[in-house]
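# A structural walkthrough
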Amino acid sequence: MKISVTVVTYNQQETIAQTLDSILCQQGDFELEVVVGEDCSTDNTLAICQEYAERYPNVKLLSGPHNLGIVPNYFRTLKECSGDFLSCIAGDDFYCDDHALEKQSKYLLRHPKVGVMGANGYRYFVRRDELVLGLNNAITAEDSKAKEFYFSPKYQGGVYFTPVGLMIRREMLQYVDLDEIIRLQLPVEDYPMQAIWSQYTKFACLPDPLVTYRVYKESATFISYDHPKYMQYHRG
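Given the structure is predicted, the values throughout are model-derived calculations rather than measurements. (Residues numbered from 1 in each chain as written. Predicted model: local features only at pLDDT ≥ 70, side-chain atom pairs only at ≥ 80, totals over all residues. Heavy atoms only, no water.)

One face of the sheet, then the other: side chains in a regular strand alternate in exactly this way. Across four bridges, strand β2 (residues 31-38) lies against strand β3 (residues 59-62) in parallel orientation. Looking at the pairing, V35 lines up with K60 of β3. Crossover connection from β2 via helix α2 (residues 45-55) to parallel β3: handedness right-handed. (Pairing = 2+ DSSP bridges. Helix = DSSP H or I, 4+ residues; strand = E, 2+ residues; numbered from the N terminus. Right-handed = clockwise from strand over helix to strand, strands pointing away.)

Structure (structure tokens):
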């Protein structure tokens, strides 16, 4: 079994090493691949990523002469993944459990109808230096009701996971047109993808805290649900 972890990063020289270390120290009976999308940073992020790529054969570094933006950068890392299970984390977040990938993948192996695995964890509010437990609610395969909520007339969102540490089965990619999302210039990619996946698979999330999510002034994930292009995409 092989697990691929994508890391998207831009101007995160202060945190990217911690992120990569938290991935590389993961323990379990699986092959690990790390795909880093370095998006033409103006600080020392690229040099740090290059150092890791040179030191660790399982770290694949993607870089280029131009800044792509969050969504295209994330999608190019996904396309380079070769694992059976794919996980994602940003260059300023990190795993806080050395068995996080093992716990998620074992759950997916035991529950073949689950295709999307969220990760519970901590929110670290940087400005006030506060760590708060509670990132995603625990959901079992039996309780998953994502399909009943996404695309509903009331547009309630349903089971949405903060994407830090999100793990999916590789076959979930067949349901999402990555190029279309880029073409529509949607401000976020995680919510639309989860909405689509909810129509084909079940969601689950372990109660164990597995990741730490840094919270700054605002997060793109939570500011654009009513964006016209986003609504257009979901309403067909």
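With that out of the way, let us pick up the side chain of S41. For S41, the location among the structural elements is in the loop between β2 and α2. Of the polar contacts made by the side chain of S41, one reaches the side chain of E38; its length is 2.3 Å. In contact with S41, other than residues within four places in its own chain, are T9, Y10 and N11. (Polar contact = N/O pair within 3.5 Å; in protein donor to acceptor, adjacent residues only side chain to side chain. Contact = heavy atoms within 4.5 Å.)

This model, assessed by the stated rule, comprises 10 salt bridges. As a salt-bridge pair, K2 and E31 come within 3.9 Å of each other at their nearest N and O atoms. Taken together, the residues K2 in strand β1 (residues 2-9) and E31 in strand β2 connect sequence positions 29 residues apart. Close ionic contact of K103 with D97 constitutes a salt bridge, the shortest N to O distance being 2.7 Å. Overlapping salt bridges bring together K2, E31, E33, K60 and E80 as one network. (Salt bridge = Lys/Arg side-chain N within 4 Å of Asp/Glu carboxyl O.)

All told, the structure shown has four aromatic pairs when counted by the stated rule. The lysine or arginine in question, R55, covers the ring of Y52, its NZ or CZ lying 5.1 Å from the ring centre. (Phe/Tyr/Trp six-rings, centres within 6.5 Å; stacked < 30°, edge-to-face > 60°. Lys NZ or Arg CZ within 6 Å of the ring centre and 35° of its normal.)

With a phi angle near 50°, N11 is a residue other than glycine that sits in the positive phi range. Here N11 shows up in the loop between β1 and α1 (16-24). Accessibility expressed as a relative area gives 31% for N11, which makes it partly exposed. In the Ramachandran plot, C40 falls in the positive-phi region, its phi being about 60° despite a non-glycine side chain. Of note, C40 is situated in the loop between β2 and α2. (Buried < 20%, exposed > 50% of the residue type's maximum accessible area, 1.4 Å probe, protein only.)

With that settled, the discussion passes to empty space enclosed by the protein. Across all of its chains, the model carries one cavity of 30 Å³ or more by this definition. Approximately 40 Å³ is the volume found for the largest cavity. Lining the largest cavity, in full, are Y74, L78, L86, S87, C88, L166, I168 and W197. Elements represented by at least two residues in the lining of the largest cavity include exactly α3 (70-79) and β4 (85-90). The dominant element in the lining of the largest cavity, judged by the number of residues it contributes, is β4, at three residues. The class makeup of the residues in the lining of the largest cavity is seven nonpolar, one polar and no charged. (1 Å grid on protein atoms, 1.4 Å probe; cavity = no way out; pocket = protein on both sides within 12 Å on 5 of 7 lines; lining within 4 Å. Points joined across faces, edges and corners; volume = space filled by probe spheres on them. Nonpolar A, V, L, I, M, F, W, Y, C, P; charged D, E, K, R; others polar.)

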